[in-house]
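Here's the letter readout for the chains.
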Amino acid sequence: MSISDDIDKNIETEMQKSDDNDDPDDRKLLRKLDLHLIPGMTLLYLLNYLDRVNIGQAKLNGITTSLNLSSAQYNTCLSVVYVTYVAFEVPSNLILKKLRPSRWIPLIMVTWGIVTTLTGLVNSYYSLLACRLLLGAPEAGLFPGATYYLSSWYKRRELSWRVSILFSAATLAGTFGGILAYGINHMNGLGGQEGWRWIFYIEGIMTVIVGILAFFFISDFPSNRPKFLTESECNRVIARLRTDAGPGGSEHFSWKQVIAAFTDWKLYIWSLNYMGILVPLLSLSLFLPTIVQNLGFISYKAQLLTAPPYAFAFLTTVTTAYFSDKYARRGIFILFWIIITMIGYIILLVVNDLGAKYFAVFLTAGGIPPCVATCITFISGNISPQTKRATSLAFMISIGNCGGIISGQIYRTQDAPRFILGHAINLGFCVLAIICTCILMIGLRLENRRRDKLYGSVENSVKTNASTTVDIFGLGSVEDRRRWGYENMSEEQIRDLGDKHVAWRYII
């Protein structure tokens, strides 16, 4: 018997007990995965987000005055990063699948860290524009790559909590970014350099150092047998994933799966949904210091007062993730927090009281991040097989980040201090997100009911009749294939069906 046969046999043994969610061995394994995977990825995304939005803090520290930027030029520099960001997200995820995370992720991190550091040397509008354009390409790979990476380690109903912890790094970046920028501003004049330049120097060098270290602490996929797991633990992880994936258990790269992603109507609704969520998020990330300053606070107080709303956003994000996983619900949480965000924007539009407006900032800054993390989990748990999921995730995030081009333009200097246009546009995108979420919830629920009615409940669809072994790929018996209409399909074709398999049930 070959080594691969032994591995397959061990995995099959693990699969026979992989349905028990309360298995103490599983809980121990999850703690081990969380310890080795989540902190590192969260740190990387914190630096990723910080390096992309630190230009908002640099504005308060004088970058527009120093470079003599007009309002339109500054906004263009904010938006242009998303041109290359969007272009490189899908290719980056496909490269990640080929090159492995331990090589690709540190490489792109060191690259964008160098670009961030060099941004501190710019002396004109065009040099700043070039740096921002270059920054988007390497930065594009991290968030969709990290999300896909985590979905390759955890079961679908375990994913929301982990993705939300990852995304909470964005809220932490907002919390610490303002405090850090306030401290760095005191370095103004040090070495003959202006304070805003030190923001890019320090944060860029931090990214380069962590990126080099990432070559040593990022693990690859479970099938690569990472060193922090024993052989039996690797088998257990793979068994859990295969069982949870059901008919979507195919792991090989396939161009058919790439095409399947782009021919699925749900991908485009998810993408519009994500754009509706991301435009308010990104505009807040870029302009929150300016918005707070225009509420009536002076520059240094505005930097410090951006921290509390982001701290609140961290709490709402992780709390939502916990309950989303506990009840295996996604759409309802998106709807709830979008409505909260809309209330915040309505207050900003119609109320003049300073305290009420600052409260509204809490609602908008705290309401939109849970929607982002939940939307990522929503699509991750409902798209399969792996290549289709990787493609879909990257495409959705790419389309969403097209909103970054919009978000960099909607808060104009001439609209200060009330910024009615910017708040109204964000409110409109929230409405788009509500419409798309409702379409997905209704469409997925109807499809689940249709499959239950035609083919029986999911329990009967994913088990073989011959044994107690879980039929992870949904191949079924001869009778099952005839009942499903798959009698003329090969095993590979059935595996490639993924979420189109009649035994698949969507998490709503």
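Below or above, wherever it landed, is the structure these notes cover. Per chain, the residues get numbers from 1 upward, laid out in the order the sequence is written. Two thresholds apply to this predicted model, a pLDDT of at least 70 for residue-level local features and 80 or more for giving and counting side-chain atom pairs, whereas whole-chain, interface and lining totals are computed over all residues. Water and hydrogen atoms play no part in the side-chain values, which are based on all heavy atoms of the structure.

Points about the overall build of the protein chain
A tally of regular secondary structure across the protein chain gives 21 helices and zero strands. The buried share of the protein chain, reckoned over its 508 residues, is 61%. Residues count as neighbours in contact if any of their non-hydrogen atoms are within 4.5 Å of one another. The long-range share in the protein chain, meaning contacts at least 24 apart out of those at least 6 apart in sequence, stands at 81%. Carbon and sulfur atoms provide 64% of the accessible area of the protein chain, an area that totals close to 19700 Å². Put simply, DSSP marks the helices as runs of H or I at least four residues long and the strands as runs of E at least two long, and each gets a number from the N terminus on. Think of it in three bands: with a 1.4 Å probe and only protein chains considered, a residue is buried below 20% of the maximum accessible area for its type, exposed above 50%, and partly exposed in between. With residues, only the protein chains shown are counted as cover, and all accessible areas are computed by Shrake-Rupley using a 1.4 Å probe.

Re the environment of T290
Following the sequence through the fold, T290 ends up in helix α12 (residues 265-294). T290 sits in the buried class, given a relative accessible area of 8%.

Remarks on the environment of T306
Among the secondary structure elements, T306 is positioned in the loop between α13 (299-305) and α14 (307-327). A C-alpha to C-alpha distance of 6.8 Å links T306 and L288, two positions 18 residues apart in sequence. The residues contacting T306, other than those within four sequence positions of it, are Q57, G174, G178, L288, P289 and V292.

Regarding α14
In this model α14 runs 31 Å from its N-terminal to its C-terminal C-alpha over 21 residues, within 8% of the 30 Å that 1.5 Å per residue would give. Considered for burial, the residues of α14 that qualify are A307, P309, Y310, A313, T316, T317, V318, T320, A321, S324 and D325. One or two positions beyond α14, positive phi appears at A328, with a value near 50 degrees. The span expected for a helix works out to 1.5 Å for each residue beyond the first.

Structural notes on the pattern of salt bridges
Any carboxyl oxygen of Asp or Glu that lies within 4 Å of a side-chain nitrogen of Lys or Arg is treated as forming a salt bridge with it. Considering all chains together, one arrives at 20 salt bridges under this definition. Across the salt bridge formed by R450 and E447, the nearest N and O atoms sit 2.7 Å from each other. Residue R450 and its partner E447 are both found in helix α18 (residues 420-455); the two are separated by three residues, about one turn of the helix. Judged by relative accessible area, R450 falls into the partly exposed class, the value being 37%. Look at the salt bridges and you will find they share partners, linking D264, K266, K388, D499 and K500 into a network.

A closer look at a nonpolar patch on the surface
There is a patch of nonpolar side chains on the surface, built from L107, I212, F215 and F216 and spanning about 440 Å² of accessible area. In terms of residues, the nonpolar patch owes the most to one element, helix α9 (residues 195-217), which gives three residues. Inspection of the secondary structure puts I212 in helix α9. In this scheme, patches are assembled from residues that exceed 30% relative accessible area and form no salt bridge. Like charges are connected within 9 Å, while nonpolar side chains (Val, Leu, Ile, Met, Phe, Trp, Tyr) are connected within 5 Å.

Observations concerning the packing of aromatic side chains
Only rings of Phe, Tyr and Trp enter the pairing, Trp through its six-membered ring, and a pair is recorded when the two centres are within 6.5 Å. The plane angle decides the type: under 30 degrees is stacked, over 60 is edge-to-face, the rest tilted. Enumeration over the complete set of coordinates arrives at 23 aromatic pairs. Of the aromatic side chains, those joined through ring pairs into one cluster are Y148, Y149, W153, F221 and F228.

With respect to the packing of helix α5 (residues 101-119) against helix α6 (residues 125-139)
For helices, the axis comes from a line fit to the C-alpha atoms of the stretch in contact; other axes are also lines fit to C-alpha atoms, and the angle between any two N-to-C directions lies between 0 and 180 degrees. Closest axis-to-axis distance for the α5/α6 pair is 9 Å, and the angle between their directions is 165 degrees. One finds that α5 runs roughly antiparallel with respect to α6. When the axes of α5 and α6 are compared, the crossing they make is left-handed. Residue-level inspection shows I108, T111, W112, V115, T116, L118 and T119 of α5 in contact with α6, the latter providing L128, C131, L134, L135, P138 and E139. For classification, angles of less than 35 degrees are called roughly parallel, those exceeding 145 degrees roughly antiparallel, those between 65 and 115 degrees roughly perpendicular, and all remaining angles oblique. The handedness criterion is simple: a crossing whose near helix is rotated anticlockwise from the far helix by less than a right angle is left-handed, and one whose near helix is rotated clockwise is right-handed.

A word on empty space enclosed by the protein
In this analysis the probe radius is 1.4 Å and the grid spacing 1 Å, with only protein atoms considered; a cavity is a set of points the probe fits into but cannot get out of, a pocket is an open set with protein on both sides within 12 Å along at least five of seven lines, and lining residues have an atom within 4 Å of a point. Grid points are joined across faces, edges and corners, and a volume is the space filled by probe spheres set on the points. Overall, the coordinates contain six cavities of 30 Å³ or more when judged by the stated rule. If you add up the space inside the second largest cavity, you get close to 120 Å³. What lines the second largest cavity is a set of 16 residues, and nearest its centre among them are V53, Q57, A173, G174 and S285. Counting only elements with at least two residues in the lining of the second largest cavity, the list comes to α2 (24-60), α8 (159-184), α9 and α12. Side-chain classes are defined by residue name, with Ala, Val, Leu, Ile, Met, Phe, Trp, Tyr, Cys and Pro counting as nonpolar, Asp, Glu, Lys and Arg as charged, and the others, Gly among them, as polar. Of the residues that constitute the lining of the second largest cavity, the class distribution is eight nonpolar, seven polar and one charged.

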